[in-house]
Amino acid sequence: MTTALKIDHLSYAYGKKAALDGVGFAVEAGQCCILLGPNGAGKSTLFALITHLYDSRDGRIAIAGFDVKSQSRPALARLGVVFQQPTLDMDLSVTQNLRYHAALHGIGRKEADARIQEELERQGMYERRFEKVRQLNGGHRRRVEIARALLHKPSLLLLDEPTVGLDVPSRKAIVDYVHHLAAEQGIAVLWASHLIDEIYPSDRLIVLHQGKVRAQGAVPDVLQAANAADIAAAFRYYTGEAA
Ligand SMILES: Nc1ncnc2c1ncn2[C@@H]1O[C@H](COP(=O)(O)OP(=O)(O)OP(=O)(O)O)[C@@H](O)[C@H]1O
């Protein structure tokens, strides 16, 4: 099976300031990969490059085998994104927001409505479909954004700190659901976070610090390499900062 996300030798600088330096890793179908890094590590820059908001001269990004630069259309068609900042239209209903996204991806109305039902039902949101997004709480808005990111059946789901600002039960629902998606649906997930309690022992971990990948692998392997008892200790070891 094609690797969902493959990044090789990726570097990026803002003027003279290096934000990413020789970054390389892969995420396979069914893996939930947590990108862990302190403020300024380069997570947002990496996401901007994967989503092709920025272009890099150095290195390569491939989504489901398609190069993001030279084959951006098929590459981006296989990508679902939940950005850090909410991007739903507050004055449209849940269904209207989702239909709009489906149309952008060229999905016909009948097919779109079937997928909208499927995605909303899986997150217990189908009953709320006619409500305006403005009426929903933060956790439910996030669920709609995740449903939207999945409508076009991407190979790779990218989430940029999607639980920031949510209460504990809402956070847990989203963390559990995304892990379930990877395990049950075989979607590859790349999740940027600085919250170590969102990491499952079965996850893969990439520790990014000052633009470089300091560690990557299965959680037990990353802990062992740092001789750390838990993720907080490993994070301190690799970044010199408290988690
Ligand atoms: N537009 C910009 N101009 C100049 N430097 C920038 C710009 N955006 C980011 N940087 C710098 O690049 C580095 C990486 O930043 P980036 O925002 O990618 O990190 P991050 O891991 O997403 O951090 P945070 O969690 O705080 O968003 C930092 O040193 C940051 O100061």
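Going by the structure above, here's the rest.
In what follows, the accompanying structure is described. Source: prediction; values computed, not measured.

Some points on the sheet that holds strand β7 (residues 156-160)
Consideration 1: The six strands are arranged β6-β7-β8-β3-β9-β10 in an open sheet whose pairing can be described as mixed. On the outer flanks of this sheet lie β6 (79-82) and β10 (212-218), each paired with one strand and no other. For this sheet, the mean inter-axis angle between neighbouring strands, taken without regard to orientation, is 15°.
Consideration 2: Alignment of strand β3 (residues 32-36) against strand β9 (residues 204-209), held across four bridges, turns out to be parallel. When the bridges of β9 are listed, C33 appears paired with R204.
Consideration 3: Along the sheet, helix α1 (residues 43-50) makes contact with β3, β7, β8 (188-193) and β9, crossing β7 at roughly 145°.
Consideration 4: Relative to the sheet, helix α6 (residues 168-185) contacts β3, β7 and β8, its axis offset from that of β8 by approximately 155°.

Overview of the packing of helix α3 (residues 94-104) against helix α4 (residues 109-122)
Consideration 1: With their axes 10 Å apart at the nearest point, α3 and α4 run at an angle of 130° to one another. The angle between α3 and α4 falls in the class oblique. Taken as a pair, α3 and α4 cross one another with a handedness that is right-handed. Two secondary-structure elements touch here, α3 through T95, L98, R99 and A102 and α4 through A112, R115 and I116.

So, the site of the ligand
Consideration 1: Taken together, the residues surrounding the ligand are Y14, K17, A19, G37, N39, G40, A41, G42, K43, S44 and T45.
Consideration 2: Here the shell around the ligand is composed, by residue class, of three nonpolar, six polar and two charged.

Things to note about the sheet that holds strand β4 (residues 58-63)
Consideration 1: Taking strand neighbours across the sheet as the criterion, the four strands line up as β2-β1-β4-β5 in an open arrangement whose pairing is antiparallel. Two strands in the sheet have a free side with no partner beyond their single neighbour: β2 (17-27) and β5 (66-67).
Consideration 2: Relative to the sheet, α1 contacts β1 (5-14), β2 and β4, its axis offset from that of β2 by approximately 65°.

Cut-offs and rules
- Residues numbered from 1 in each chain as written.
- Predicted model: local features only at pLDDT ≥ 70, side-chain atom pairs only at ≥ 80, totals over all residues.
- Pairing = 2+ DSSP bridges.
- Helix = DSSP H or I, 4+ residues; strand = E, 2+ residues; numbered from the N terminus.
- Axes fitted to C-alpha atoms, helices over the stretch in contact; angles between N-to-C directions.
- Contact = placed C-beta atoms within 7 Å.
- Parallel < 35°, antiparallel > 145°, perpendicular 65-115°, else oblique.
- Left-handed = near helix turned anticlockwise from the far one by under 90°.
- Near = placed C-beta within 6 Å.
- Nonpolar A, V, L, I, M, F, W, Y, C, P; charged D, E, K, R; others polar.

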